[in-house]
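This is what each chain is made of:
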Amino acid sequence: YQRRVRGKLIEIKMRASFLTKTNFSLFKTRNNLNRNFSFWSSPNFNRPAQEELKTGLLTGLNEVREKKGKITNSEFLYGLKLLPPTSAPLKNLEKKDQNLQVLVSDPNYIASIVLVTLRRLSIPYEDSNSWRKLIENEFKGKLNLIELIIIEDDWYAFFSFLINYCLRKIIPSNYHNRSLVYYGKAHKFKSIVDTKNDFALYAFLLDKQSKIIWKTTGGIIEKEKEEITQIIIKLEENKSF
């Protein structure tokens with residue numbers, strides 16, 4: 001009886017000891033996390049990098065706002081290919097694997113407009129919708145409209161399900177199979193095709209070989225409609241650029 005009592009007491013003591021150690025470990029972990037987060041968020045941590053990032057983002061956002069999305073004029077190009085940031089298939093908003101080159105080479109269209117964004121949820125609806133109206137009202141059956149949505153921030157990848165849900169809400173359902181989303185770094189891609197302002201919408205007109213013929217930023221304007229019309233006429237006549 002006494003042994004059993006001691007056994008129970010010993011068992012109780014062991015459990016209490018285990019809980020005490022566990023609570024202490026959790027307390028230490030929590031304190032370490034707090035210290036780490038306070039270190040990363042402290043004003044003294046890597047101040048030059050913080051200032052550079054903040055300045056760069058604010059400059060980009062202000063530029064887009066001041067110029068109403070038109071941060072560059074339209075220009076004719078030819079020879080440079082628009083390739084995605086990765087050779088692996090991308091997921092479209094229907095959660096299926098899709099290849100950008102396959103979409104661009106669709107035989108049902110003469111050419112493709114590819115809208116490239118790095119902060120798609122920040123793009124004004126009027127800008128992206130102006131391209132859909134252009135295709136549906138003036139170039140239906142001639143121009144294919146594709147979206148390439150690039151999300152570089154590592155943290156956003158953890159919330160991809162939520163971001164994709166929001167994207168499906170703002171992009172019409174008949175464009176979901178042609179809206180490709182890439183989560184990852186795209187420094188090389190941005191450098192090659194010159195998409196340096198993360199807040200801008202970039203529009204590229206591609207031939208079936210994914211070669212860039214023409215590019216602009218922001219929503220479509222009347223002058224650009226005329227330029228696109230000239231390009232379509234040339235492509236229909238098989239004329240070179």
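What comes next is a walk through the structure. Note that residues are indexed from 1 along each chain, following the sequence as it is written. Thresholds applied to this predicted model are a pLDDT of at least 70 for local features of residues and 80 or more for the giving and counting of side-chain atom pairs; totals over whole chains, interfaces and linings are not thresholded and use all residues. Derived side-chain values reflect all non-hydrogen atoms in the structure, with water molecules and hydrogen atoms excluded from consideration.

Quick look at the overall build of the protein chain now. Helix and strand labels come from DSSP, where a helix needs a run of H or I of at least four residues and a strand needs a run of E of at least two; each type is numbered from the N terminus. Of the regular secondary structure elements, the protein chain holds 8 helices and 8 strands. Relative accessibility decides the category of a residue: with a 1.4 Å probe and only protein chains considered, values under 20% of the type maximum give buried, values over 50% give exposed, and everything between is partly exposed. Expressed as a percentage of its 241 residues, the buried residues of the protein chain come to 37%. Accessible surface computed for the protein chain: about 15,300 Å², of which carbon and sulfur atoms make up 56%. Calculation of accessible area relied on Shrake-Rupley with a 1.4 Å probe; when residues are assessed, cover is drawn exclusively from the protein chains displayed.

Let's shift gears to the sheet that holds strand β8 (residues 212-217). Strand order across the open sheet formed by 8 strands is β1-β8-β7-β4-β5-β6-β2-β3, with mixed pairing between neighbours. Unpaired on one side and paired on the other, β1 (75-76) and β3 (97-98) mark the two borders of the sheet. Any two strands are treated as partners once DSSP identifies two or more bridges connecting them. As defined by bridge partners, strand β7 (residues 201-206) adjoins β8 across 5 bridges and the pair is classed as antiparallel. Its bridge partner lying in β8, leucine 205 is registered against tryptophan 214. We call two residues contacting when some pair of their heavy atoms lies within 4.5 Å. Between N-to-C directions, angles span 0 to 180 degrees; the directions come from axes that are lines fitted to C-alpha atoms, helices contributing only their stretch in contact. Set on the sheet, helix α4 (residues 125-138) makes contact with β4 (111-117), β5 (143-151), β7 and β8; between it and β5 the angle comes to about 160 degrees.

Moving on, we come to the packing of aromatic side chains. Centre distance and the angle of the planes are the two values used to describe a pair of aromatic rings. For Phe, Tyr and Trp, rings pair up if their centres lie within 6.5 Å, where Trp contributes its six-membered ring, and each pair is then called stacked (planes under 30 degrees apart), edge-to-face (over 60) or tilted (otherwise). For the structure shown, the criterion picks out 2 aromatic pairs. Considering the side-chain rings of tryptophan 131 and tryptophan 214, the 6.4 Å spacing of their centres and the 65 degrees angle between planes classify their relative orientation as edge-to-face. Of the two residues, tryptophan 131 is situated in helix α4 and tryptophan 214 in strand β8; the sequence distance between them amounts to 83 residues. What makes tryptophan 131 buried here is its relative accessible area of 0%. With a relative accessible area of 0%, tryptophan 214 lands in the buried category.

The phi torsion at lysine 95 lies on the positive side, around 65 degrees, for a residue other than glycine. Mapped onto the elements, lysine 95 comes out in the loop between β2 (90-92) and β3. Phi at aspartate 194 takes a positive value of approximately 60 degrees, unusual for a residue other than glycine. Within the secondary structure layout, aspartate 194 lies in the loop between α7 (187-193) and β7. By relative accessible area, which is 37% here, aspartate 194 ends up partly exposed.

Okay, the pairing of β7 next. Look at any regular strand and the pattern is simple: side chains alternate between the two faces of the sheet. The buried fraction of β7 amounts to 6 of the 6 residues, a majority that puts the element mostly inside the structure. By the alternation rule, side chains of β7 split into Leu201, Ala203 and Leu205 and Tyr202, Phe204 and Leu206, which are all buried. Across 6 bridges, the pairing between β4 and β7 is antiparallel. Pairing of valine 114 across the sheet is with phenylalanine 204, part of β7. Linking two consecutive strands that pair antiparallel, namely β7 and β8, is a turn of 5 residues; a positive phi of about 70 degrees is found at serine 210 within it.

Moving on, we come to helix α8 (residues 222-236). Helix span, expected: 1.5 Å multiplied by one less than the number of residues in the helix. Taking 1.5 Å of rise per residue, the 15 residues of α8 would be expected to cover 21 Å, and the 21 Å separating its terminal C-alpha atoms lies within 8% of that figure. Buried within α8 are the following residues: Glu224, Lys225, Glu227, Ile228, Ile231, Ile232 and Leu235. The arc that holds the buried residues of α8, viewed along the axis, is 160 degrees, so those residues lie on one side. Summarising the contacts, the buried residues of α8 are in contact with β1, β4, α4, β5, β7 and β8. Downstream of α8 by one or two residues, asparagine 238 has phi in the positive range, about 60 degrees. This arc is built from the directions going out from the helix axis to the C-beta atoms.

All right, on to the nonpolar core then. When a protein is soluble and globular, its nonpolar side chains tend to lie buried together. Think of a nonpolar core as a cluster: buried Ala, Val, Leu, Ile, Met, Phe, Trp, Tyr and Cys residues, connected wherever their side-chain atoms sit within 4.5 Å. Within the largest apolar cluster, 28 residues are counted, with the highest numbers of intra-cluster contacts made by Ile113, Trp131, Leu143, Leu205 and Ile228. At the level of secondary structure, the elements contributing two or more residues to this core comprise β4, α4, β5, α6 (160-170), β7, β8 and α8. Excluding residues that lie within four positions of it along the chain, leucine 205 makes contacts with Ala111, Ser112, Ile113, Lys211, Ile212, Ile213, Trp214, Ile228 and Ile231. Membership of the second largest hydrophobic core comes to 24 residues, among which are Ile71, Leu100, Ala186 and Phe204.

Mapped onto the elements of the fold, arginine 178 is located in the loop between α6 and β6 (179-183). Residues scored as charged are limited to Lys and Arg (positive) and Asp and Glu (negative), so that His and the chain ends carry no count. Within this document, salt bridges are pairs made up of a side-chain nitrogen of Lys or Arg and a carboxyl oxygen of Asp or Glu, the two lying within 4 Å of each other. Of the side chains bearing the opposite charge, glutamate 136 lies closest to the buried arginine 178, which forms no salt bridge; the N-O distance is 7.1 Å. Among the polar contacts made by the side chain of arginine 178, one reaches the main-chain carbonyl oxygen of asparagine 174 at a distance of 3.1 Å. Setting aside residues no more than four positions away along its own chain, arginine 178 makes contact with Leu103, Tyr109, Asn144, Leu145, Ile146 and Glu147. Whenever two N or O atoms come within 3.5 Å, that pair is a polar contact, provided that in protein one can donate a hydrogen and the other can accept it, and provided that, for residues adjacent in sequence, both atoms are side-chain atoms.

Time to look at the environment of aspartate 106. With respect to the helices and strands, aspartate 106 occurs in the loop between α3 (100-104) and β4. The contacts of aspartate 106, once residues within four sequence positions are left out, are Asn144 and Lys208.

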